[in-house]
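# Architecture and fold: a report
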Amino acid sequence: MLELAGIIILGILAQWVAWKFKIPAILPLILIGLLVGPIAAEWLSEDGTKWIEPIWNGEKGLFPGDSLYYFVSLAISIILFEGGLTLKRSEIKTVGPVITKLITLGSAVTFFGAAIVTHFIFNLRWDLCFLFSGLIIVTGPTVITPILRNIPLKKDISTVLKWEGILIDPIGALVAVLVFEFISVGGDSGFTKTALIEFGKIVLFGTTFGFTFAHALAFAINKKYIPHYLLNVVSLSTVLLVFVESEVFAHESGLLAVVVMGMVLGNSKLDNIKELLYFKESLSVLLISILFILLAANINIEDLMLLYTWKTAALFAIVVFVIRPIAVFLSTQGSKLNLNEKLFISWVGPRGIVAAGIASLFGSKLLKEGVEGAEYITPLVFMIVLGTVLLNATTARLFAKLVGVFLTQSNGILIVGASKVSRLLGHYLESNGRHVVLIDSNQSNIDKAKELGLEALNTNIYSETLSDNIELNDVGYLMAMTGNPEINKYAINKFSEQFGENGSFRLVTTSEMNNPEDNPKEGLFSHTDDYITLAEVTRKYPSIQEIDIDDKEQYANLIEITNNNKDIIPLFLKDGEGEMHIISSYNTAIETVGKGYKLVYLGKPFDVENVALEE
């Protein structure tokens, strides 16, 4: 009981440390596992026993016999299902041919290249070398996301790395399963007709079970056959049922089944999909925390000593600094990515939970079957996992600066609220070359924004998912424009540091509008216009106008005119180079205004001279 509680406590502590120091959680988790496992047995324990002993076989340990194997299998199935839920068909279409090449051609280069290098360096059997190379194909979003989250990058770079990590997980797992079946079923020759038949069964039953149960669960949820309070646990039990049933019909097909199930559910019209995803995310965090500590602790010091040789360093260097760049450069040939962007993508390729978990499963099973050289599989994969995570977590930001892909100025704009006003502004800004993202919890508003070609996210401002979105790395301006003043203030307080480094603004409240002396520094557009005024002007005159400015005095006069005209609201100042400057209600004075500048405003078109005469 003490050991089990200790694993959970240490795992959550490692997750907190990872959050605090902005590093992938896998790094402290593996280090803790090694500390309480092989390191404790060798140097810290008086009787030579591990502090945490997750034995695969035997009568002692937390998981005697094959119970740890079963636990790891079920845990990985849940993690992969959660990953499948995040795959949206619409987003996959936008990432371009680079992603397709990376997960096909890039995977093939890694698969064959790493196998050849491993064979000649460690002199292992070819089938074991291909098993190892299949396992290290995967990168994984659980380790890439924390690394990229703190590096301002162009949207296309972060998108490529994010989607490669998500899509390549099931591919790597599937390739590893294929090679494992070749080894287990085919014997020494490996590539046999029986093994190919087994692989066909894996694909057939995996896709069939995943597709069928996903639609069945979606039907039951939409028809309200499952009460709301049982939704999450019923979904969890269904995932486990799909995994187990698929395994019964075709051994090792369960992983594919849960990935397919997650992908189908994630693209279904399901009202509760976000609630289901939040639950699975929390569960995945707990399972990942437990798994990495268990798997690292399960390694013996003898396994680690196998790596205490120059061969290990040579293999790591070739995989990371030769094979990965070759795979990336071949996959990105002919794309719009420049040399520096390709170099950065080549540098970032950390391996994650799927590689470590499946390596432990297959390595232990092959050891049990007495396959010669199988003792190298798990430690070699863990070496690649720990080494790549450590390398990328400590150097990715610096390397981004060295190759010139680090965004020194984030000009993207995040608009909180996707009402008609926000959509109108977002469309104008997007048309003028700015990256704009709208967020709203109202799906109808999001759908209308997407119809305009805008990037829009259906998310709750109070959730943590927004902070984890690596595609918002180029955002440097925050505009809170909802009809709820409390939400606007909350958005400024919570996200101004992350998304508003160049400026955080919110609409003024009615009370602030009536008392201009109380106008906040982050006030947006005008101290005389709140959300209701903006919405009314948008309803009457749903268009954004531009008017030329000759000098600073004319600009001040125009601002005065807009303050006295309820049908005109100033928005931006557009300089001679087309750069947008958000007008703040707190201080509308601009130091440098001259020929070529334009005042951008919302509302009724007007002629400056005529309006001035009327005033």
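As shown above, the structure is provided for reference.
Note that the coordinates shown come from a computational prediction; the quantities given were computed from them, not determined experimentally.

## Let's talk about the overall build of the protein chain
A tally of helices and strands in the protein chain yields 24 helices and nine strands. Across the 615 residues in the protein chain, those meeting the buried criterion constitute 56%. For the protein chain, the share of sequence-separated contacts (at least 6 apart) that also reach a separation of at least 24 residues comes to 73%. Taken as a whole, the protein chain presents about 26800 Å² of accessible surface, with 59% of it coming from carbon and sulfur.

## Observations regarding the nonpolar core
The biggest cluster of nonpolar side chains holds 137 residues, and the ones touching the most others in it are Leu131, Leu265, Leu315, Phe344, Ile358 and Leu380. Top contributing element to this core by residue count: helix H8 (residues 155–186), with 13 residues. In contact with Phe344, not counting residues within four places along its chain, are Leu148, Ile151, Leu153, Ile157, Leu161, Ala396, Phe399, Ala400, Val403 and Val405.

## Considering the packing of helix H16 (residues 353–368) against helix H17 (residues 377–402)
Between H16 and H17, whose axes approach to 8 Å, the crossing angle comes to 170°. Looking at the two axes, H16 sits roughly antiparallel to H17. Residues Ala355, Ala356, Ala359, Ser360 and Gly363 of H16 form the contact with H17, whose participating residues are Ile377, Thr378, Val381, Phe382 and Val385. A breakdown of the residues in the contact of H16 with H17 according to their chemical character gives seven nonpolar, three polar and no charged.

## Some thoughts on the packing of aromatic side chains
Counted under the stated rule, the structure contains 15 aromatic pairs. Ring centres 5.4 Å apart and planes at 40° place the aromatic pair Phe209 and Phe249 in the tilted group. Remark: Phe249 occurs in helix H10 (residues 231–249) and Phe209 occurs in helix H9 (residues 193–222); sequence separation between them is 40 residues. Owing to a relative accessible area of 14%, Phe209 belongs among the buried residues under this scheme. Looking at Phe249, the relative accessible area reads 43%, which means it is partly exposed.

## So, the sheet that holds strand S9 (residues 597–603)
Taken together, the four strands give an open sheet; going across it, the order is S6-S9-S7-S8, and neighbouring strands pair in antiparallel fashion. Each of the sheet's edge strands pairs with one partner strand only, and the pair in question is strand S6 (544–549) and strand S8 (580–582). The mean angle between the axes of side-by-side strands here comes to 35°, regardless of whether they run parallel or antiparallel. Strand direction decides the pairing type here: strand S7 (residues 568–574) and S8, joined by three bridges, are antiparallel. If you follow Leu573 over to S8, its bridge partner there is His581. Contacting S6, S7, S8 and S9, helix H18 (residues 420–431) crosses the sheet at an angle of about 25° to S7. Contacting S7 and S9, helix H22 (residues 531–540) crosses the sheet at an angle of about 90° to S9.

## Points about the pattern of salt bridges
Under the definition given, this model contains four salt bridges. Between Arg125 and Asp127 there is a salt bridge, with the nearest N and O atoms lying 2.5 Å from each other. A salt bridge links Arg324 to Glu164; its shortest N-O distance comes to 2.8 Å. Taken as a pair, Arg324 in helix H14 (residues 310–331) and Glu164 in helix H8 lie far apart in primary sequence, 160 residues in all.

The rules behind each value
Each chain carries its own residue numbering, running from 1 in the direction its sequence is written. Restriction of local features to residues with pLDDT of at least 70 applies here, the model being predicted, together with a cutoff of 80 or more for giving and counting side-chain atom pairs; totals for whole chains, interfaces and linings are based on all residues. Excluding hydrogens and water, the side-chain figures rest on all heavy atoms present in the structure. We count a stretch as a helix when DSSP gives it H or I for four or more residues in a row; a strand needs E for two or more, and each element gets its number in order from the N terminus. The rule is simple: take the accessible area with a 1.4 Å probe, protein chains only, and divide by the maximum for that residue type; under 20% is buried, over 50% is exposed, in between is partly exposed. Residues are treated as being in contact if the distance between any of their heavy atoms lies within 4.5 Å. Residue-level accessible areas treat just the shown protein chains as cover; the underlying method is Shrake-Rupley with a 1.4 Å probe. By convention a nonpolar core is built from buried Ala, Val, Leu, Ile, Met, Phe, Trp, Tyr and Cys residues, the set being connected through side-chain atoms within 4.5 Å. Axis geometry follows a simple rule: fit a line to the C-alpha atoms, using only the stretch in contact for helices, then measure angles between N-to-C directions, giving values from 0 to 180 degrees. Working definition: roughly parallel below 35 degrees, roughly antiparallel above 145 degrees, roughly perpendicular at 65 to 115 degrees, and oblique for all remaining angles. Each residue receives one of three labels: charged for Asp, Glu, Lys and Arg, nonpolar for Ala, Val, Leu, Ile, Met, Phe, Trp, Tyr, Cys and Pro, and polar for the others, Gly being one of them. The aromatic pairing rule takes the rings of Phe, Tyr and Trp, using the six-membered ring of Trp, and pairs them if the centres are within 6.5 Å, calling planes under 30 degrees apart stacked, those over 60 edge-to-face and the rest tilted. Any two strands between which DSSP finds at least two bridges are classified as paired. One side-chain nitrogen of Lys or Arg within 4 Å of one carboxyl oxygen of Asp or Glu is enough to make a salt bridge.

It is worth stressing that arrangement in space is one thing and function is another; only the former is reported here.
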